[in-house]
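The chain contents come next:
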Amino acid sequence: MCGIVGYIGEKPASPFLIEGLTKLEYRGYDSAGIAVYNDGNIRIEKSVGRLSSLVEKIDGEPLKGCLGIGHTRWATHGRPSDLNAHPHTDCSGDFVVVHNGIIENYLSLKEELIEKGHQFHSETDTEVVAHLLEDVYDGDFEEAVYSVLSRIEGSYSLVFMSKKHPDVLICAKKENPLVVGLGDGENFIASDIPAIINKTRRTFILGDGEIAIVKRDSVAIKNRRGVPIEKKVFTVNWNAEAAEKGGYEHFMLKEIHEQPKAVKDTMRERIKKDGSGVLLGELGWTSKFLGSFNKVYIVACGTAYHAGLVGKFYIEKLARILVEVDVASEFRYRNPIVDKNTLVIVVSQSGETSDTLAALKESKRLGAKTLALTNVVGSSIAREADQVLYTWAGPEIAVASTKAYTTQLILFFMLALYMAEIKNTLQPARVKELISLLKKVPAQISETLTDVEPIKTFAKRYGFNEDVFYIGRSLDYDVALEGSLKLKEVSYIHAEAYASGELKHGTLALIVEGVPVIALATQKSVYEKTLSNIKEVKARDAVVIGIAAEGDEELSKYADHVIHVPETDELLIPLLTVVPLQLLAYYAAITRGCDVDKPRNLAKSVTVE
Ligand code: AGP
């Protein structure tokens with residue numbers, strides 16, 4: 001995610017651009033920039049780091065002019081730097097663009113433009129758009145934009161500005177949000193409503209494929225062929241704080257609901273067009289080298305560790321390589337058996353967790369090759385590791401990690417498929433089948449999010465229990481661990497997860513009448529055993545909330561309640577079963593009046609030991 005703003009009117013543009021970007025920093029904050037037109041020229045100022053670095057940079061020399069655009073970045077292509085910060089221009093400086101999203105075919109377009117003599121300065125996908133505009137422009141700005149949009153593939157919200165046409169800003173929207181704020185003698189553009197809510201509450205919320213031709217006293221909405229579209233004005237009735245959360249009450253709920261898009265974005269560009277395999281070209285290792293490791297260690301903390309447990313299952317099951325998983329705070333002091341034939345994968349949403357960073361450095365000291373799975377481009381862990389694979393979940397603000405977890409699972413699944421192909425451990429038909437199912441996951445997560453009422457009811461009914469147990473076997477156990485952590489950290493309920501086969505070795509002593517037990521039962525190979533464990537706890541009068549795949553009619557014979565998730569391969573079902581557990585934790589925290597986004601004693605990124 002990134003934050004975009006634009007202004008056209010009679011007042012100086014710069015104050016709104018900076019104020020608007022401040023309101024959008026939750027969308028990305030690794031670098032920022034603004035461009036303002038004045039007297040035939042466009043001045044661009046940009047800076048790596050938080051928005052405050054840009055403000056400092058232009059302090060004392062405000063940009064003059066009443067037409068401008070701005071951007072606060074969450075890097076996907078190209079590390080955070082002054083050069084990679086937006087806005088980006090063409091060779092001549094006549095055209096300036098800001099972008100949120102991913103241009104999937106930017107490499108082929110860049111090669112084509114370089115052959116035509118275009119000079120590039122950044123590593124970003126966005127800069128290609130500015131040069132493409134220069135390349136096709138023949139005097140008609142709007143037509144040139146349509147031509148550009150017909151060439152680029154991927155997701156985008158774009159704002160174009162030109163010193164040849166200082167009376168207009170042109171916006172285009174596809175899969176990433178963009179709104180136009182309607183003023184009096186002035187108009188505003190932003191990725192999200194918080195940036196404009198103090199200026200106007202009358203907006204056009206652009207739809208996919210829609211273009212806005214924004215002048216100071218008019219806004220025309222058209223489709224990508226230039227055909228005008230009748231658009232209704234949307235009047236915003238949120239307060240500013242609610243707007244930052246996209247209308248959700250908390251960032252945690254917003255980020256739970258962002259998972260379909262986060263998962264889709266993380267898959268983007270990484271699946272072969274014919275569905276026959278995955279593309280992890282960003283891994284700078286040859287297949288031969290990646291195939292040479294005889295052992296994998298996965299090291300992480302908290303939720304990232306839980307994702308690592310699922311990653312172990314995937315890599316062992318699909319690529320048949322031995323995998324060990326360890327929490328970073330243990331691994332770093334364990335004198336682990338690691339050598340040049342070991343691949344150590346560290347997982348970290350923030351890329352700054354000190355235990356994980358220390359484990360990474362220890363691994364390198366011991367001679368291992370290291371790969372980081374992280375959500376923050378240019379983070380300490382991203383820079384320290386030999387190779388990096390990014391989740392593209394966008395900033396995760398809530399302390400409780402949700403969309404980071406599901407995108408980590410997706411990345412692990414694709415990595416396991418990639419390694420399986422190298423090791424030749426899967427039939428091509430099985431690879432195609434798994435990829436076809438993988439592509440359906442975003443929609444299935446959306447489906448899982450449609451009916452939250454039963455979960456709200458459970459949260460109200462059991463939210464004041466002081467003990468809750470989660471049980472499962474195989475991958476269900478790994479998800480149970482994540483579900484129990486979610487409940488613990490946001491609702492302060494003492495929740496514990498157990499491999500359900502372990503109950504009789506002690507925990508069963510704690511199962512008394514009325515204690516809630518969340519039982520995950522999706523893994524066919526151990527389904528009957530899980531049912532037996534559910535009967536064990538029911539025999540002690542526990543209340544069982546079952547989590548099952550659609551079509552499972554058996555579980556409801558033993559569980560008090562059952563939540564079904566869409567049917568899919570049992571390898572992929574953790575991406576679905578975790579969602580009701582995230583929602584259960586969220587609504588239990590609401591029931592108990594907890595500070596959901598900032599739970600007591602916890603920090604979003606644990607940068608101390
Ligand atoms: C998870 O909800 C917690 N916020 C916490 O366990 C977190 O996963 C852990 O601190 C690791 O953070 P990281 O992914 O940024 O390294």
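Attention in this report is confined to the structure presented alongside it. (Residues numbered from 1 in each chain as written. Predicted model: local features only at pLDDT ≥ 70, side-chain atom pairs only at ≥ 80, totals over all residues. Heavy atoms only, no water.)

## Here we look at the overall build of the chain
Move 1: Each helix and strand counted, the chain has 20 helices and 24 strands in total.
Move 2: Each principal axis of the C-alpha distribution contributes one length, and for the chain these read about 80 × 55 × 45 Å.
Move 3: Looking at the chain residue by residue over its 609 residues, the buried ones come to 60%.
Move 4: The contacts of the chain with a sequence gap of at least 6 include a subset with a gap of at least 24, amounting to 72%. (Helix = DSSP H or I, 4+ residues; strand = E, 2+ residues; numbered from the N terminus. Buried < 20%, exposed > 50% of the residue type's maximum accessible area, 1.4 Å probe, protein only. Contact = heavy atoms within 4.5 Å.)

## Notes on the pattern of salt bridges
Move 1: Evaluation of the coordinates by the stated rule reveals 40 salt bridges.
Move 2: The closest approach of N and O atoms between R430 and D569, which form a salt bridge, is 3.0 Å. With R430 in helix α15 (residues 428-439) and D569 in the loop between β24 (561-565) and α20 (574-591), this residue pair connects regions lying 139 residues apart in the sequence.
Move 3: Judged by relative accessible area, R430 falls into the partly exposed class, the value being 26%.
Move 4: Residues joined in a network through salt bridges with shared partners are E104, K174, E175, K261, D265 and R268. (Salt bridge = Lys/Arg side-chain N within 4 Å of Asp/Glu carboxyl O.)

## Points about the packing of aromatic side chains
Aromatic ring pairs are defined here through the distance separating the ring centres and the angle between the ring planes.
Move 1: If you walk through the whole model with that rule in mind, you get 13 aromatic pairs.
Move 2: Taking the centre distance of 4.9 Å and the plane angle of 70° together, the rings of Y297 and F331 count as edge-to-face. Placement of Y297 in strand β15 (residues 295-300) and of F331 in helix α11 (residues 328-331) is noted, with a sequence separation of 34 residues between them. Comparing Y297 with F331, the two get one shared label, buried.
Move 3: An aromatic cluster of at least three residues, connected via ring pairs, comprises Y7, F16 and F188.
Move 4: A cation over an aromatic ring shows up here: R270 above the ring of W392, its NZ or CZ 4.5 Å from the ring centre.
Move 5: Between the NZ or CZ atom of R600 and the centre of the ring of Y492, over which it lies, the distance is 3.7 Å. (Phe/Tyr/Trp six-rings, centres within 6.5 Å; stacked < 30°, edge-to-face > 60°. Lys NZ or Arg CZ within 6 Å of the ring centre and 35° of its normal.)

## What about empty space enclosed by the protein?
Move 1: Applying the stated criterion across every chain, the model contains two cavities of 30 Å³ or more.
Move 2: Roughly 90 Å³ of volume is contained in the largest cavity.
Move 3: Taken together, 13 residues form the lining of the largest cavity, with F458, Y462, V468, L487 and L584 sitting closest to its centre.
Move 4: Sorting the residues of the lining of the largest cavity by element identifies α17 (453-462), β20 (467-472), β22 (516-520) and α20 as the ones contributing at least two each. (1 Å grid on protein atoms, 1.4 Å probe; cavity = no way out; pocket = protein on both sides within 12 Å on 5 of 7 lines; lining within 4 Å. Points joined across faces, edges and corners; volume = space filled by probe spheres on them.)

## Thoughts on the site of the ligand
Move 1: Residues in contact with the ligand amount to 14 residues; listed here are only the nearest, S348, S350, T353, V399 and E489.
Move 2: Between an oxygen atom of the ligand and a side-chain N or O atom of T353, the distance comes to 2.5 Å.
Move 3: Contact between the ligand and S401: an oxygen atom at 2.8 Å from a main-chain N or O atom of the residue.
Move 4: Considered on its own, the ligand offers 410 Å² of accessible surface; in the complex 91% of this is hidden by protein.
Move 5: Mapping the ligand onto the cavity grids shows that it belongs to the second largest pocket.
Move 6: Those elements that place two or more of their residues in the shell around the ligand are α10 (302-319) and α18 (475-491).
Move 7: When the residues that make up the shell around the ligand are grouped by side-chain class, the tally is five nonpolar, seven polar and two charged. (Near = heavy atom within 4 Å. Polar contact = N/O pair within 3.5 Å; in protein donor to acceptor, adjacent residues only side chain to side chain. Areas by Shrake-Rupley, 256 points an atom, 1.4 Å probe, with all protein chains shown as cover. Sits in = over half its atoms within 2 Å of the grid points. Nonpolar A, V, L, I, M, F, W, Y, C, P; charged D, E, K, R; others polar.)

## Topic: the pairing of strand β21 (residues 494-499)
Move 1: Where β20 and β21 come together, six bridges link them in parallel fashion. Within β21, the residue paired with F469 across the bridge is E496.
Move 2: Between β20 and its parallel partner β21, the chain crosses via α18, and the hand of that crossover is right-handed. (Pairing = 2+ DSSP bridges. Right-handed = clockwise from strand over helix to strand, strands pointing away.)

## Thoughts on the sheet that holds strand β7 (residues 154-162)
Adjacent strands of a sheet pair through backbone hydrogen bonds, lying either parallel or antiparallel.
Move 1: Spatially, the six strands line up as an open sheet ordered β5-β6-β7-β8-β12-β13, and their pairing is antiparallel. Sheet topology places β5 (88-89) and β13 (218-222) at the edges, where each strand pairs with a single neighbour.
Move 2: With five bridges connecting them, strand β8 (residues 169-174) and strand β12 (residues 210-215) associate as antiparallel partners. Looking at β12, one finds that C171 is bridged to A212.
Move 3: Lying on the sheet, helix α5 (residues 141-151) is in contact with β6 (95-103), β7, β8, β12 and β13; it crosses β7 at an angle near 160°. (Axes fitted to C-alpha atoms, helices over the stretch in contact; angles between N-to-C directions.)

## Concerning the nonpolar core
Move 1: Among the nonpolar cores identified, the biggest contains 123 residues, and I315, I345 and Y470 are the most heavily contacted of them.
Move 2: Considering each element in turn, this core owes the most residues, 13 residues, to helix α14 (residues 403-423).
Move 3: What I315 contacts, discounting residues up to four positions off in sequence, is I298, R320, I321, V323, I345, F412, A416 and M419.
Move 4: If you look at the next biggest cluster of nonpolar residues, it comprises 27 residues, including V128, A130, Y156 and I170. (Core = buried A, V, L, I, M, F, W, Y, C linked by side-chain atoms within 4.5 Å.)

## Some points on the layout of surface pockets
Move 1: Taken as a whole, the largest pocket spans an internal volume of roughly 770 Å³.
Move 2: Looking at the largest pocket, it is lined by 40 residues, and the ones nearest its centre are M1, R27, P177, E258 and K261.
Move 3: Those elements that place two or more of their residues in the lining of the largest pocket are β6, α7 (251-257) and α8 (259-267).
Move 4: Among the elements that line the lining of the largest pocket, the one with the most residues is β6, at four residues.

## Structural notes on the side chain of Q444
Move 1: Within the secondary structure layout, Q444 lies in helix α16 (residues 441-448).
Move 2: Under the relative-accessibility criterion, Q444 is labelled buried at 10%.
Move 3: With residues up to four places along the chain from it excluded, the contact list for Q444 reads P566, E567, T568 and L576.

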